[in-house]
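# Residue-level structural notes
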Amino acid sequence: MRIDIIAGARPNFAKIAPIIRAIEARRAAGGRLRYRLVHTGQHYDARMSGDFFEQLGIPAPDVNLEVGSGTQAEQTAAIMTRYEALLLAERSDLCLVVGDVTSTMACAITAQKLCVPVAHVEAGIRSGDWTMPEEINRMVTDAITNHFFTTSEFANAHLRRSGVADDRIFFVGNTMIDTLLANLERLRPPPFWHEMGLHAGHYLVMTLHRPANVDSETQLRALLQAIGAHSRGLPVVFPVHPRTAKTLKDVSGLPAGLQLVEPQPYLEFNYLVKHAKAVITDSGGITEEATVLGIPCMTLRDTTERPETVTVGTNELLGTDPASIGPALQRLFEGQWKRGGTPQRWDGRSGERIVATLERLLGAAAG
Ligand code: UD1
């Protein structure tokens, strides 16, 4: 029994690592489940991809489809064409996709059209915002998924409402949090930690890459100015995503406290989050990590597909209006930010649950 595990873009890598680890552990105990790791090549820079494989102990991909950059349609088409050729040459018994990136949707469609069943990890989450390519990816993927692995009761409820039967929904928890918990002791400061004079609890960390925030230079600069104006002299460490770097070609005139750095590897980035006074972001995954680490999190979006980070965790949606940043930072500095808890089943064992379920579904337990 062999499954394909698909990974394409940065947020996928932390989600597949614990699944691969669990398969290897079962294999050592006589389990018969095998995998083929397929990297689509959607993210290809060492800083966006290779560093994560190395730090998280993910084996080198068995296949790299090397699709590279392109528009949404170009990337989707390239991934589908190349993955189809791979499946036709050598079929697998199941295609496991994670998250909501273009690679997730493209491989799910390709597999299902060749009658290869699809399992989706992080199924059922919805922002309701159709302007985000990720939301389209989630909806399309879940429309053709056979087995749904979910992170929250919100996700279970969305799936049930769309007619998915209970026996296809597996509430396993969050594999990205498996990775965080497994690596807590290994987190380490980035090389610039001392150089920049960073101290635990005395800086902010920020990431931005959503088109609504970074594709217009005027909007991006307005957000950065607002953050600079209200951060009370604290350094703001800003690992700049390649998409954001394209907009911000000229860095003159940016607030003094803003420290622009390259995208950080996993261990260094989460060290920065764990020791920050707060996180400002438009990512979804980072809101989950901040929640588990108990760090105040401000999300510069109007919606979230991860409402448990708001209802249970430390996250709050500020929207994309720069004017909302000042009052939020004021509440933070006055010590009024909420304390959060940890969502149900975000306990470090989700990868094991997924693999146990796959073994049962595919009849691949130790024989
Ligand atoms: C993708 C995901 C998003 C995820 C984000 C994290 C989709 C629809 N979006 O968005 O869900 O949160 O990754 O990073 O799949 N680029 C590089 N080097 C790379 C990768 C990309 O320079 O290694 C450049 C590309 O050329 C492109 C830009 O960065 O111009 C954006 O990359 P793309 O893969 O289109 O989407 P992301 O914005 O990274």
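Since we're looking at a predicted model, the values are computed, not measured.

For the rest of this paragraph, the subject is the site of the ligand. The ligand sits among 21 residues. The nearest are Gln42, His43, Ser69, Glu134 and Lys246. Interatomic distance of 2.8 Å between a side-chain N/O atom of Gln42 and an oxygen atom of the ligand. The side chain of Lys246 places a nitrogen or oxygen atom 2.5 Å from an oxygen atom of the ligand. Those elements giving two or more residues to the shell around the ligand turn out to be α1 (10-28), α3 (72-89), α5 (133-143) and α11 (242-247). Residue assignment places the shell around the ligand across two domains, with domain 1 (2-173 + 346-362) and domain 2 (191-333) each supplying three or more.

Okay, helix α7 (residues 175-183) next. Burial runs high along α7: 7 of the 9 residues are buried. Along α7, the residues that are buried comprise Thr175, Met176, Ile177, Asp178, Thr179, Leu180 and Asn183. Buried residues in α7 make contact with α1, β5 (118-121), α12 (266-274), α13 (285-293) and α16 (350-362). Two or three places before Met176, at the start of α7, stands the capping residue Asn174, its side-chain oxygen 3.0 Å from that residue's backbone nitrogen.

Taken in spatial order, the 6 strands of this open sheet run β10-β9-β8-β11-β12-β13, and their pairing is parallel. Single-partner strands in this sheet number two, and they are β10 (258-261) and β13 (315-317). Averaged over all adjacent pairs, the angle separating strand axes in this sheet is 20°, with direction ignored. Where strand β8 (residues 204-207) and strand β9 (residues 236-239) come together, 2 bridges link them in parallel fashion. Paired with Val205 across the strands is Val237, a residue of β9. Most of the contacts of α13 go to strand β11 (residues 278-281), to which it runs at about 170°, and overall it touches β8, β11, β12 (297-299) and β13. Relative to the sheet, helix α15 (residues 325-333) contacts β8, β11, β12 and β13, its axis offset from that of β12 by approximately 175°.

It is worth spelling out the packing of aromatic side chains at this point. The description of an aromatic ring pair rests on the distance of the ring centres and on the angle between the ring planes. Counting across every chain of the model gives 5 aromatic pairs. Consider the rings of Phe13 and Phe52, whose centres lie 6.4 Å apart with planes at 50°: the pair is tilted. One end of the pair, Phe13, is in helix α1; the other, Phe52, is in helix α2 (residues 46-55), and 39 residues separate them in sequence. In this structure, Phe13 and Phe52 share a single accessibility class: buried.

Of all hydrophobic cores here, the largest spans 58 residues; its most connected members are Ile3, Ile5, Ile19, Ile58, Leu96, Val205 and Leu358. With 8 residues, the single largest contributor to this core is α1. Taken together, domain 1 (2-173 + 346-362) and domain 2 (191-333) each give at least three residues to this core, which thus spans both. Each residue touching Ile19, except ones within four places of it in the same chain, is listed here: Ile5, Leu96, Val98, Val121, Thr175, Gly351, Ile354 and Val355. With 27 residues, the next largest nonpolar core counts Leu204, Leu220, Leu223 and Phe238 among its residues.

Let us now look at the sheet that holds strand β7 (residues 169-171). Each strand in a sheet pairs with its neighbour through backbone hydrogen bonds, running either in the same direction (parallel) or in the opposite one (antiparallel). Strand order in the open sheet formed by 7 strands is β3-β2-β1-β4-β5-β6-β7, and the pairing between neighbours is parallel. Where the open sheet ends on each side, the last strands, each with one partner, are β3 (63-64) and β7. As paired elements, strand β1 (residues 2-7) and strand β4 (residues 94-98) share 3 bridges and run parallel to each other. Each bridged residue has a counterpart across the sheet, and for Asp4 the counterpart in β4 is Cys95. Seen against the sheet, α1 touches β1, β2 (34-39), β4 and β5 and runs at an angle of roughly 155° to β1. Each of β6 (147-150) and β7 is contacted by helix α6 (residues 153-161), which is oriented at about 170° to β7, the strand it contacts most.

Cut-off values and rules
- Residues numbered from 1 in each chain as written.
- Predicted model: local features only at pLDDT ≥ 70, side-chain atom pairs only at ≥ 80, totals over all residues.
- Heavy atoms only, no water.
- Near = heavy atom within 4 Å.
- Polar contact = N/O pair within 3.5 Å; in protein donor to acceptor, adjacent residues only side chain to side chain.
- Helix = DSSP H or I, 4+ residues; strand = E, 2+ residues; numbered from the N terminus.
- Domains from an automatic or database assignment.
- Buried < 20%, exposed > 50% of the residue type's maximum accessible area, 1.4 Å probe, protein only.
- Contact = heavy atoms within 4.5 Å.
- Pairing = 2+ DSSP bridges.
- Axes fitted to C-alpha atoms, helices over the stretch in contact; angles between N-to-C directions.
- Phe/Tyr/Trp six-rings, centres within 6.5 Å; stacked < 30°, edge-to-face > 60°.
- Core = buried A, V, L, I, M, F, W, Y, C linked by side-chain atoms within 4.5 Å.

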